[in-house]
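In case you want the letters, here they are:
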Amino acid sequence: ADGDLLFNVNSDIRFNPRAAEQPEWQNEDHHEEFLPTGETSIDSYPNWLKFHIGINRYELYSRHNPAIEALLQDLVSQKITSVAMKSGGTQLKLIMTFQNYGQALFKPMKQTREQETPPDFFYFSDYERHNAEIAAFHLDRQVEWICIRRKGEILILDFRRVPPVAGRLVNMTREIRDVTRDKKLWRTFFISPANNICFYGECSYYCSTEHALCGKPDQIEGSLAAFLPDLSLAKRKTWRNPWRRSYHKRKKAEWEVDPDYCEEVKQTPPYDSGTRILDIMDMTVFDFLMGNMDRHHYETFEKFGNETFIIHLDNGRGFGKYSHDELSILVPLNQCCRIRKSTYLRLQLLAKEEYKLSLLMKESLLKDKIAPILYQPHLEAMDRRLRIVLKAVSDCIEKDGYDNVVENDFNTDVDTVTTER
């Protein structure tokens, strides 16, 4: 239905690169144009635009959208035409614009794959890791080829709530310094004693000569996350996560001291109706598998109201520790004892030896240009954490009963069983 699409696109309008600079679309002839290949105008759209017009009430992209693989390729191959620092946030991030007018958020490499978050670091001063952004994208969608056969029907179980992310080696001289008009960024470039090109930009944490990002001699690794549609075209609502941490060295959040906190949340809109509390549980499992403690807010598309999915943005503080499982991340699930049936079935499947989460993740991540993305102990930690999640659900079922814990989100009125998100 049109109301389920983020954009209602007139496919007669051909993408005009000049109009993209404004940005608006033009079609002077008001009839469907055909390209020399015989394709319609919509086929002329760049992949970032195809991604945008595919966003709907239930997911950021459909399971078999060919534009996503093409967009991932664009992120690593398109010529970078301009670079600017992203305002806000605690750490340096760059907005990169490509020759086809697409944009992506670049997070540079700050830690090697083997390094763990120092034990004395608070979660709010942890580094943001480029490889965590890449791994989160694959975790969010990586079970797309797994299916469960039941009475001849196929159920495919995945989220698709993280915008496409790819790793890229960037030439700091040619692709950042020489194309930026951001004088504040340009001024921070220097040559290190080891004769490497370095820069540090401006931000609240880790933007100093001592924390400079240095190339070898001028190549740097980073993640590129495709931009969502501009806020002027598709407004997003920012919500405070009910299980947000205190972001204070000594204070605790209410949920950390009140075991019945979930009951209070469930009486507060939008958690008192619809699927939002189940969305939070999905996000909780996602974050626990990654070890991400930094989920202070989340976003949804305003057009869809409360009946829509949570966008899993900003995952850079995941995969910081493989030797420690942060059980406090799982508190929402332990307190609420609710989970979607589709999520529960998927987790049970990923715990089986033939569909082992770590092996599927490793295989999926090998597709990225800067693989390997995760250090092996991080992959093994995910299997361990998956068992902890399943034990938590099992304990809930034992306490409250299966039907009170596992929400049946399958629509059985159609020939193929699909999940209602």
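Residues numbered from 1 in each chain as written. Predicted model: local features only at pLDDT ≥ 70, side-chain atom pairs only at ≥ 80, totals over all residues. Heavy atoms only, no water.

Student: I would appreciate a short explanation of the UniProt feature "binding site: ATP" (unreviewed entry) in the protein chain in the present structure.
Tutor: Mapped onto the present numbering, the UniProt feature "binding site: ATP" (unreviewed entry) falls at Gln91, Lys107, Glu128, Ala225, Ala226, Phe227, Leu228, Glu299 and Asp314. Its location among the elements puts alanine 226 in strand 10 (residues 219-226). Judged by relative accessible area, alanine 226 falls into the buried class, the value being 8%. Other than its neighbours up to four places away in sequence, alanine 226 contacts Phe51, Leu71, Leu75, Gln103, Ala104, Pro163 and Pro164. Within the element layout of this structure, phenylalanine 227 appears in the loop between strand 10 and strand 11 (236-240). Sequence-distant contacts of phenylalanine 227, that is, excluding residues within four places in its chain, are made with Phe51, His52, Ile95, Gln103, Ala104 and Leu105. (UniProt positions renumbered as here; feature names shortened; annotations may be inferred. Helix = DSSP H or I, 4+ residues; strand = E, 2+ residues; numbered from the N terminus. Buried < 20%, exposed > 50% of the residue type's maximum accessible area, 1.4 Å probe, protein only. Contact = heavy atoms within 4.5 Å.)

Student: Would you explain the pairing of strand 3 (residues 103-108) in this entry?
Tutor: Side chains on a regular strand alternate between the two faces of the sheet. Of all six residues in strand 3, five are buried; the element is thus mostly enclosed. As judged from the five bridges shared by strand 3 and strand 10, these two strands associate in the antiparallel manner. Its bridge partner lying in strand 10, leucine 105 is registered against alanine 225. (Pairing = 2+ DSSP bridges.)

Student: Which parts of the structure should I look at to understand the packing of aromatic side chains?
Tutor: Inspection of the entire model under this criterion finds 15 aromatic pairs. Seen in terms of ring centroids, tyrosine 205 and tyrosine 206 are 5.9 Å apart; in terms of plane orientation they differ by 70°. Their pairing is edge-to-face. Taking the centre distance of 5.5 Å and the plane angle of 65° together, the rings of tyrosine 322 and tyrosine 375 count as edge-to-face. A residue pair is termed long-range when its members are at least 10 positions apart, and tyrosine 322 in the loop between strand 12 (297-301) and helix 10 (331-336) and tyrosine 375 in the loop between helix 12 (357-365) and helix 13 (376-400) qualify at 53 residues. Every member of this aromatic cluster is reached through a ring pair, and the members are Phe121, Tyr127, Tyr205 and Tyr206. Over the ring of phenylalanine 159 we find arginine 161, and its NZ or CZ is 4.2 Å from the ring centre. (Phe/Tyr/Trp six-rings, centres within 6.5 Å; stacked < 30°, edge-to-face > 60°. Lys NZ or Arg CZ within 6 Å of the ring centre and 35° of its normal.)

Student: How should the state of the cysteines be read in this particular structure?
Tutor: A covalent bond between the sulfur atoms of two cysteines is referred to as a disulfide. As enumerated under the stated definition, the model contains four disulfides in all. Here cysteine 198 connects covalently by a disulfide to cysteine 214, the sulfurs 2.1 Å from one another. Because the sign of the S-S torsion sets the handedness, a value of about 110° for the bond joining cysteine 198 and cysteine 214 places this disulfide among the right-handed ones. Separated by 16 residues along the polypeptide, cysteine 198 in strand 8 (residues 197-199) and cysteine 214 in strand 9 (residues 213-214) bring together distant segments of the chain. With a relative accessible area of 0%, cysteine 198 lands in the buried category. Shown here is the disulfide that connects cysteine 203 with cysteine 207, its sulfur atoms set 2.0 Å apart. Here the disulfide of cysteine 203 and cysteine 207 is right-handed, its torsion about the S-S bond being about 105°. Described in terms of the sequence order of its bonded cysteines, the disulfide pattern of the protein chain is 1-4, 2-3, 5-6, 7-8. (Disulfide = S-S within 2.5 Å.)

Student: Where do I start with helix 4 (residues 130-141) in this structure?
Tutor: Along an α-helix, a turn takes 3.6 residues, which lines up residues three or four apart on a common side. In this model, helix 4 (12 residues) spans 18 Å end to end at C-alpha, consistent with the 16 Å of a helix rising 1.5 Å per residue. In terms of residue burial, helix 4 counts as a mostly covered element, since 12 of its 12 residues are buried. (Expected span 1.5 Å × (residues − 1).)

Student: What is the right way to look at the nonpolar core in this model?
Tutor: Buried together is how nonpolar side chains tend to be arranged in soluble globular proteins. The biggest cluster of nonpolar side chains holds 101 residues, and the ones touching the most others in it are Leu94, Ile176, Trp243 and Phe301. Looking at this core element by element, the count peaks at 10 residues for helix 9 (residues 276-290). Here this core spans two domains, and each of domain 1 (44-226) and domain 2 (236-407) adds at least three residues to it. Ignoring anything within four residues of it in the chain, the contact list for tryptophan 243 reads Trp255, Tyr261, Cys262, Val265, Ile277, Ile280, Val331, Pro332, Gln335 and Cys336. (Core = buried A, V, L, I, M, F, W, Y, C linked by side-chain atoms within 4.5 Å. Domains from an automatic or database assignment.)

Student: Any chance you could explain the sheet that holds strand 8 here in plain terms?
Tutor: Adjacent strands of a sheet form backbone hydrogen bonds with each other and so pair up, either parallel or antiparallel. Taken together, three strands build an open sheet; the order of strands is 7-8-9 and the sheet is antiparallel. The open sheet has two free edges, formed respectively by strand 7 (190-191) and strand 9, since each of these has just one partner strand. The pairing of strand 8 with strand 9 spans two bridges and is classified as antiparallel. Following the sheet pairing, cysteine 198 is matched in strand 9 by cysteine 214.

Student: Help me understand the environment of phenylalanine 124, please; the structure alone is not making it clear to me.
Tutor: Considering the arrangement of structural elements, one finds phenylalanine 124 in the loop between strand 3 and helix 4. Given a relative accessible area of 13%, phenylalanine 124 falls into the buried group. Separated by 125 residues in sequence, phenylalanine 124 and lysine 249 place their C-alpha atoms 9.5 Å apart.

Student: Help me out: how do you make sense of the packing of helix 4 against helix 12 in this one?
Tutor: When two helices pack together, their arrangement is given by the angle between the helix axes and by the axis-to-axis distance. Relative to each other, helix 4 and helix 12 sit at 115°, their axes nearing to 10 Å. Considering the relative orientation of helix 4 and helix 12, their crossing is right-handed. Of helix 12, the residues touching helix 4 (which contributes Ile134, Ala135, His138 and Leu139) are Leu357, Met361, Ser364 and Leu365. Its residues assigned to classes, the contact of helix 4 with helix 12 comprises six nonpolar, two polar and no charged. (Axes fitted to C-alpha atoms, helices over the stretch in contact; angles between N-to-C directions. Left-handed = near helix turned anticlockwise from the far one by under 90°. Nonpolar A, V, L, I, M, F, W, Y, C, P; charged D, E, K, R; others polar.)

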